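Residue-level structure breakdown
The residues making up each chain are set out below.
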Protein chains: 2
Amino acid sequence: MGVQRKLDVVLDSVKRLLRMGATANLVNLLQKQHPADLAQVFSDLVERDRQAAFDVLVERNTRLAMEAASELGPEAAAHLLSDRSAEDIAHLLQELESDDQAAIVDYLPDDLSSAVRDLIRKKEGDDVDSLLEYAEQTAGRIMNPNVFALSEDLTVGESIAALQSARDVEMVFYLYVMDGRRHLVGVVSLRRLLLVSPETPLKRIMTADVMSVRVETDQEEVARMVASYNLLAIPVVDEENKLVGIITVDDVIDVIKDEATEDLYRLAGVAGDERVFTPAGESLKKRLPWLVVNLATAFLAASVVKLFEGTISQVTALAVFMPIVAGMGGNAATQTLTVIVRGIALGELSWSNTKKALLKEALVGLGNGLACGTIAAFGAWALQGNPALGAVLALAMIINMFVAATAGTLIPLALRALKIDPALASSVFITTLTDVFGFLSFLGLGTVFLRYLHVV
Amino acid sequence: MGVQRKLDVVLDSVKRLLRMGATANLVNLLQKQHPADLAQVFSDLVERDRQAAFDVLVERNTRLAMEAASELGPEAAAHLLSDRSAEDIAHLLQELESDDQAAIVDYLPDDLSSAVRDLIRKKEGDDVDSLLEYAEQTAGRIMNPNVFALSEDLTVGESIAALQSARDVEMVFYLYVMDGRRHLVGVVSLRRLLLVSPETPLKRIMTADVMSVRVETDQEEVARMVASYNLLAIPVVDEENKLVGIITVDDVIDVIKDEATEDLYRLAGVAGDERVFTPAGESLKKRLPWLVVNLATAFLAASVVKLFEGTISQVTALAVFMPIVAGMGGNAATQTLTVIVRGIALGELSWSNTKKALLKEALVGLGNGLACGTIAAFGAWALQGNPALGAVLALAMIINMFVAATAGTLIPLALRALKIDPALASSVFITTLTDVFGFLSFLGLGTVFLRYLHVV
């Protein structure tokens, strides 16, 4: 039975038990699930059921309930907790790692958030609080401050003993080694400890050249390092090279997913943090500004058409085919743009190879323009019975698709040079350009060759 | 000095040394780099320089050269090797893990590929060959068959001794436990071995409930499991539950990146395996079919406009504003579509919550339509001096943006139900729909209220 199939069965049972009010059975069922599976089940429940299931479970197995909530994402977790008192929330949050705590506290309503933060600070020092002081999307924000590290003066035997008595530390596959002032000086893999005699000083077997990131390093850079060097974790240091935290590969996977979503969203004009079930009002607020910007550019394109009203009134067939020119330019530009933006994100495009990329895209644009233009010419001829109209359509499409391809390459690269996220702004510029240029070339050529088009 | 900055310096030096023909210095410099960094440097070099640098390095440090080539991606690696003899390639490939070997062999020209495969089979058994027998994008294809596993009859002490003598095995952080017939029966973490006495039987401390995937499991499903259960590796078993390989988290990261690229590309009508420097001819062949499909749908939309040629000839202002209705519908639909497609990919959307998503998107579509329609109405009034035209524009936009939002939700969900990738086909359907519906509603309303529009 596949994982998905199994979860569907669990989901159905949860719904049934909720309906029946069979709390004891419900808790029994929920307790048997992995937190990630529970999160999946929660996300499939309607909001009221999800809250009810969470409330039941949290009384009986606080850790599991909180872990599942955390897996759902910090926003959803904050929502599940938001009806409770600050004291209650602070108490429940203790079940989680401090990086997860910080993420959730961030999403609570403002008053509650600061009250909870005060309580947590009183209770367990300021791990969570200090995490929240780092800028969003930095290593400091996503790291776990609870990192297992050893003094360089220990022997291998002492290190193994320390490891045996350590509880609840994340990722003890790499052991980081510090000097007397907590400076990160080396790393030893757990496996290496097994290969040498217990009296060996740690200093002798550690790798001194340890990769690390700074607290202010962008999370995308962290992800890139972990991915390209195939690391399982990377230590985080402050400006004095003191070890302050660890970022593990599972956090990096979340970052990679979020960044991919962000790129995808930005190309479509959607805010990076929007999800399927973001409330309608919020989604509207997030999407409308981008639509209004597009509306403004659409009016720009419309005013180009307006310049040619005289021509259109003489040959209305031009109005029939003008959306084809603009639309096909837009499609070709989107293809180019997507390849280029992803190439930038994956680090495949650098300054040195820009010319090569431009040349390639220009060629592809020209080829696509020739092919599509020719097909469209025959289509228009068949539909309208006028070969001259077909020729004008083909020529306009070739021009516009060539422009689309070169602009689709240059605009994201230019935006990157200006330190603007190419995924964010490129598509608006490109749409405007292909619309304006499409109408201009088609209606312009139509005006020039007007006398050949009259014979309809 | 940041990583990128450092690599730029290395890149400049490599170029200089290549120009000077200073082979010894070049090898010295290259040898100091991490394979991932070398791959980055290689990718920034023009093709001739890349080949020259690789050829120099491969003579002196075969492993590093091959690892860097492999990091560049199997296609690029195959290209770097393609001028060599089959014997030579088979020899060089030995430096790599068999999953990486298989990926590269796959991209060699056909003749060379089968010759190399024969040679490898003779040399080191059929690990590589059997990997190639699994379907693409399955666990079997991306797994490493070289997995470290122990017999359940061993003690902890014997296991540690086995571990100490094992060389070159991937990821020995989890130790998989097999019965006498290689059936996967349990897992022990390396850390756990350290916590118990050497005489303890492995059987007693292993976790019997070990998560695994089958060779034919889709790589996306593998990635989802590793990510949601925060695993560092997952064992791969055959149909008899015999352990045949391991997939590590670094492979999973590659899968996640590739799948994100694929989704992004499919929404834009680009083939998943296209990269920035795919040759122009190949790119053209990959992109043109999608453009031709779009061209056909554009003609469909054009024939809707053609129905209203009579109306347009009386009020040419309709031709000015009709692209706005279609375009804004398209923009709104793209936003919805992106959120829904990503929601499906991230597993946030299931059957049970579809209605909720639809309701939300319909509301957002209506809200966006009202807002944008109102703005556009005033814009058209100002531009054209006719309030009735503004009203018709607003009404058409509200209708079209509402349709766009509901269709943007339903179409990807319907495609998923039909087992068609929603990212692949949704955007064509949506564009057609918003164009056809946009023209139909605007020009239709224009025809109905024609007598109010004449007063220009």
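Residues numbered from 1 in each chain as written. Chains lettered and ligands numbered in written order. Predicted model: local features only at pLDDT ≥ 70, side-chain atom pairs only at ≥ 80, totals over all residues.

Remarks on the overall build of chain A
On a plain count of helices and strands, chain A comes out with 23 helices and six strands. Computed over the C-alpha atoms, the radius of gyration of chain A is 30 Å, more than 25% above the 23 Å expected from 2.2 N^0.38 for a compact globule of 456 residues. Buried residues in chain A amount to 47% of all 456 residues. Contacts in chain A between residues at least 24 apart in sequence constitute 69% of all its contacts with a sequence separation of at least 6. (Helix = DSSP H or I, 4+ residues; strand = E, 2+ residues; numbered from the N terminus. Rg over C-alpha atoms; globule rule 2.2 N^0.38 Å. Buried ≥ 20, exposed ≤ 12 C-beta atoms within 10 Å, placed from the backbone. Contact = placed C-beta atoms within 7 Å.)

Some details on the interface of chain A and chain B
If you look at the interface, chain A gives 94 residues, while chain B gives 93 residues. Tallying contributions element by element places helix H19 (residues 317–345) of chain A first for the side of chain A that touches chain B, with 17 residues. Looking at the side of chain A that touches chain B residue by residue, the class counts come to 54 nonpolar, 25 polar and 15 charged. (Nonpolar A, V, L, I, M, F, W, Y, C, P; charged D, E, K, R; others polar.)

Describing the relation of the copies chain A and chain B
The two copies are related by a screw operation: chain A maps onto chain B through 180 degrees of rotation and 0.1 Å of translation along the axis, at an RMSD of 0.2 Å. Expressed as an axis order, the relation between the two copies is that of a two-fold axis. Looking at the interface residues of chain A, 99% of them are also at the interface in chain B, so both copies use one shared face. (Least-squares fit on C-alpha atoms with pLDDT ≥ 70 in both.)

Focus on helix H20 (residues 354–384) of chain A
Taking 1.5 Å per residue as the helical rise, H20(A) with its 31 residues ought to reach 45 Å, and the 43 Å between its terminal C-alpha atoms agrees with that figure. Looking at the residues trailing H20(A), positive phi occurs at A:Gly385, about 70 degrees. (Expected span 1.5 Å × (residues − 1).)

Describing helix H21 (residues 387–417) of chain A
Residue and element names in this part refer to chain A. For H21, built from 31 residues, the straight-helix expectation of 45 Å at 1.5 Å per residue is met to within 8% by its first-to-last C-alpha distance of 45 Å. Of all the bends in H21, the largest measures some 25 degrees and sits at Ala 407. Phi turns positive one or two residues past the end of H21, at Lys 419, with a value near 65 degrees. (Bend = angle between axes of the 7 residues up to and from the residue.)

Points about the domain arrangement of chain A
As assigned here, chain A comprises domain 1 (3–137), domain 2 (149–250) and domain 3 (280–453). The residue inventory of the side of domain 1 of chain A that touches domain 2 of chain A, partitioned by class, reads two nonpolar, one polar and one charged. (Domains from an automatic or database assignment.)

Re the sheet that holds strand E3 (residues 184–189) of chain B
Residue and element names in this part refer to chain B. Pairing in this open sheet of three strands is mixed, and the strands run E1-E2-E3 from one edge to the other. Every interior strand has two partners, whereas the edge strands, strand E1 (149–151) and E3, have only one. Along the sheet, successive strands turn relative to each other by an average axial angle of 35 degrees, direction set aside. By the bridge criterion, three bridges tie E1 to strand E2 (residues 174–178) in an arrangement that is parallel. From the neighbouring strand, Ala 149 faces E2, where its bridge partner is Tyr 176. (Pairing = 2+ DSSP bridges. Axes fitted to C-alpha atoms, helices over the stretch in contact; angles between N-to-C directions.)

Concerning unusual backbone geometry
Residues and elements named next belong to chain A. The phi torsion at Gln 137 lies on the positive side, around 65 degrees, for a residue other than glycine. Looking at where Gln 137 falls in the secondary structure, it is placed in the loop between helix H10 (127–133) and helix H11 (139–142). A positive phi angle, close to 65 degrees, is found at Lys 419, a residue other than glycine. Along the chain, Lys 419 falls in the loop between H21 and helix H22 (422–448). For Lys 419, a count of 6 C-beta atoms within 10 Å gives the class exposed.

Digging into the packing of helix H6 (residues 74–81) of chain B against helix H8 (residues 98–107) of chain B
Residue and element names in this part refer to chain B. Between H6 and H8, whose axes approach to 8 Å, the crossing angle comes to 65 degrees. On the basis of their axis angle, the class for H6 and H8 is roughly perpendicular. Both H6 and H8 take part in a crossing whose hand is right-handed. From H6, Pro 74, Glu 75, Ala 77 and Ala 78 reach across to H8, where they touch Ala 103, Ile 104, Asp 106 and Tyr 107. (Parallel < 35°, antiparallel > 145°, perpendicular 65-115°, else oblique. Left-handed = near helix turned anticlockwise from the far one by under 90°.)

Looking at the pairing of strand E3 (residues 184–189) of chain A
Residues and elements named next belong to chain A. Of the strand pairs in this sheet, strand E2 (residues 174–178) and E3 are connected by five bridges, and their pairing is antiparallel. For Met 178, the partnering residue across the bridge sits in E3 and is Leu 184. Hairpin remark: E2 followed by E3, antiparallel, with five residues in the connecting loop; positive phi at Arg 182, about 65 degrees.

Looking at the packing of helix H17 (residues 280–307) of chain B against helix H22 (residues 422–448) of chain B
Residues and elements named next belong to chain B. Contact pair H17 / H22: the axes reach a minimum separation of 9 Å and the direction vectors enclose 10 degrees. Overall, the two elements H17 and H22 adopt an arrangement that is roughly parallel. Of H22, the residues touching H17 (which contributes Val 293, Asn 294, Thr 297, Leu 300, Ala 301, Val 304 and Val 305) are Val 428, Thr 431, Thr 432, Asp 435, Val 436, Phe 439, Leu 440 and Leu 443. Partitioning the contact of H17 with H22 into residue classes produces 10 nonpolar, four polar and one charged.

Some words on the nonpolar core
With 216 residues, the main nonpolar core has A:Leu393 and B:Leu393 as its most contacted residues. With residues up to four places along the chain from it excluded, the contact list for A:Leu393 reads A:Phe321, A:Val325, A:Ala376, A:Ala377, A:Ala380 and A:Phe442. (Core = buried A, V, L, I, M, F, W, Y, C linked by C-beta atoms within 7 Å.)

Thoughts on the environment of A:Thr434
All names here are of chain A. Residue placement: Thr 434 occurs in helix H22. Residues Thr 434 and Leu 389, 45 residues apart in the sequence, show an inter-C-alpha distance of 20 Å. Sequence-distant contacts of Thr 434, defined by excluding residues within four places in its chain, comprise Ala 326, Gly 329, Gly 330, Ala 333, Asn 400 and Ala 404.

Topic: the pairing of E2(B)
For E2(B), a buried count of five out of five residues is recorded, marking the element as mostly surrounded by other parts of the structure. Along E2(B), one buried face is formed by B:Tyr174, B:Tyr176 and B:Met178 and the opposite face, lined by B:Leu175 and B:Val177, is buried too.

Points about the sheet that holds strand E4 (residues 213–214) of chain B
All names here are of chain B. If you trace the three strands from one edge of the open sheet to the other, you get E4-E5-E6, paired in mixed fashion. Two strands in the sheet have a free side with no partner beyond their single neighbour: E4 and strand E6 (243–248). As paired elements, E4 and strand E5 (residues 233–237) share two bridges and run parallel to each other. Residue pairing for E5: Arg 214 is matched across the bridge by Val 237. Packed onto the sheet, helix H16 (residues 249–268) meets E5 and E6 and runs at close to 65 degrees relative to E6.

Comments concerning the environment of A:Leu150
All names here are of chain A. Secondary-structure assignment places Leu 150 in strand E1 (residues 149–151). With 25 residues separating them along the chain, Leu 150 and Leu 175 place their C-alpha atoms 7.1 Å apart. Apart from the residues lying within four places of it in its own chain, the contact partners of Leu 150 are Ser 159, Ala 162, Leu 175, Val 177 and Leu 202.

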